[in-house]
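Commentary on secondary and tertiary structure
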Amino acid sequence: AAAREAVEAVGADRVALLYVTHAIPDAMDETSGPGDGDGRAYSVDQAELAAAITSEVDTVLGTDLPAGLAFCSRSGSPRTPWLEPDVNDRLRELADEGEVEHVVVVPIGFISDHMEVVHDLDVEAAATATEVGLGMSRVPTPGSDRAFVSGLVDLMLERAGQARGEQPVRPTWRDLDSHPAVCPVGCCPNLRESRPALCGSD
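It should be emphasised that the depicted structure is a prediction, and the values quoted were computed from it without experimental measurement. (Residues numbered from 1 in each chain as written. Predicted model: local features only at pLDDT ≥ 70, side-chain atom pairs only at ≥ 80, totals over all residues. Heavy atoms only, no water.)

A look at helix H4 (residues 87–97)
Every buried residue of H4 is accounted for by Val-87, Asn-88, Arg-90, Leu-91 and Leu-94. Mapping the buried residues of H4 onto a view down its axis gives an arc of 160°, with all of them on the same face. If you follow the buried residues of H4, they end up packed against strand E1 (15–22), strand E2 (67–72), strand E3 (102–106) and helix H5 (115–132). One side-chain oxygen of the residue at the start of H4 lies 2.9 Å from the amide nitrogen of Asn-88, identifying that residue as Asp-86. (Buried < 20%, exposed > 50% of the residue type's maximum accessible area, 1.4 Å probe, protein only. Helix = DSSP H or I, 4+ residues; strand = E, 2+ residues; numbered from the N terminus. Arc of directions from axis to C-beta. Contact = heavy atoms within 4.5 Å. Polar contact = N/O pair within 3.5 Å; in protein donor to acceptor, adjacent residues only side chain to side chain.)

Brief notes about the environment of Gly-62
Tracing the sequence through the fold places Gly-62 in the loop between helix H3 (41–61) and E2. Given a relative accessible area of 67%, Gly-62 falls into the exposed group. Between the C-alpha atom of Gly-62 and that of Ala-12, which follows or precedes it by 50 residues, the distance is 9.7 Å.

Some details on a nonpolar patch on the surface
A cluster of nonpolar side chains, Val-149, Leu-152, Val-153, Leu-155, Met-156 and Leu-157, forms an exposed patch at the surface whose accessible area comes to about 520 Å². Relative accessible area serves as the criterion here: at 37%, Leu-152 is assigned to the partly exposed category. (Patch = residues over 30% accessible without salt bridge, like charges linked within 9 Å, V, L, I, M, F, W, Y side chains within 5 Å. Areas by Shrake-Rupley, 256 points an atom, 1.4 Å probe, with all protein chains shown as cover. Salt bridge = Lys/Arg side-chain N within 4 Å of Asp/Glu carboxyl O.)

Details of the sheet that holds E3
What holds strands together in a sheet is hydrogen bonding between their backbones, with the strands either parallel or antiparallel. Taken together, four strands build an open sheet; the order of strands is E2-E1-E3-E4 and the sheet is parallel. Looking at the sheet topology across the chains shown, the edges are occupied by E2 and strand E4 (135–138). Each strand of the sheet is rotated relative to its neighbour by a mean of 30°, with strand direction disregarded. As defined by bridge partners, E3 adjoins E4 across four bridges and the pair is classed as parallel. From the neighbouring strand, Val-105 faces E4, where its bridge partner is Arg-138. Contacts from H3 reach E1 and E2, with the element oriented near 150° to E1. (Pairing = 2+ DSSP bridges. Axes fitted to C-alpha atoms, helices over the stretch in contact; angles between N-to-C directions.)

So, to be careful, I would describe these as geometric facts and stop short of saying anything about function.
Here it is, written out as structure tokens:
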């Protein structure tokens, strides 16, 4: 709803949705995912969420908005490949393409407006948008939103039920089998040393 409201506030003419999540090293993304699966669960999850939100916005507003995924908060050695594009690079690309005049930035990888979000998006990305002549608005993170907090409570109750050997209903918008509640052996291996997943069965 927040992304739709942000689009409605500026009008849907020549507007793009740009979803932003935290960057991680490419090698970490490659090994993310349940067990010995295909990996890249992190970036795939983010892309699927962005597509689901875009679909809902387009359905409600009757639009066909351009949308994409970008990353922020890269750190570490510049020689280490990280997930791309950086949000600032993508804003520059959108300006060069000349198809949009305003970008609605949706921080799907963060749950609160902490200083990292404020600096990376409200300061740096906003400055880049101004530099390249794009309008930009930023959707707030869920924070203490009632529906978001209620969803977290539901998840905790589900996990508690499973820990007691129950089989609670797990309503979801996606495939449950790809994301079990307890990480299987080998899920998201530590690239530096062998360690079990914190919530895992190994």
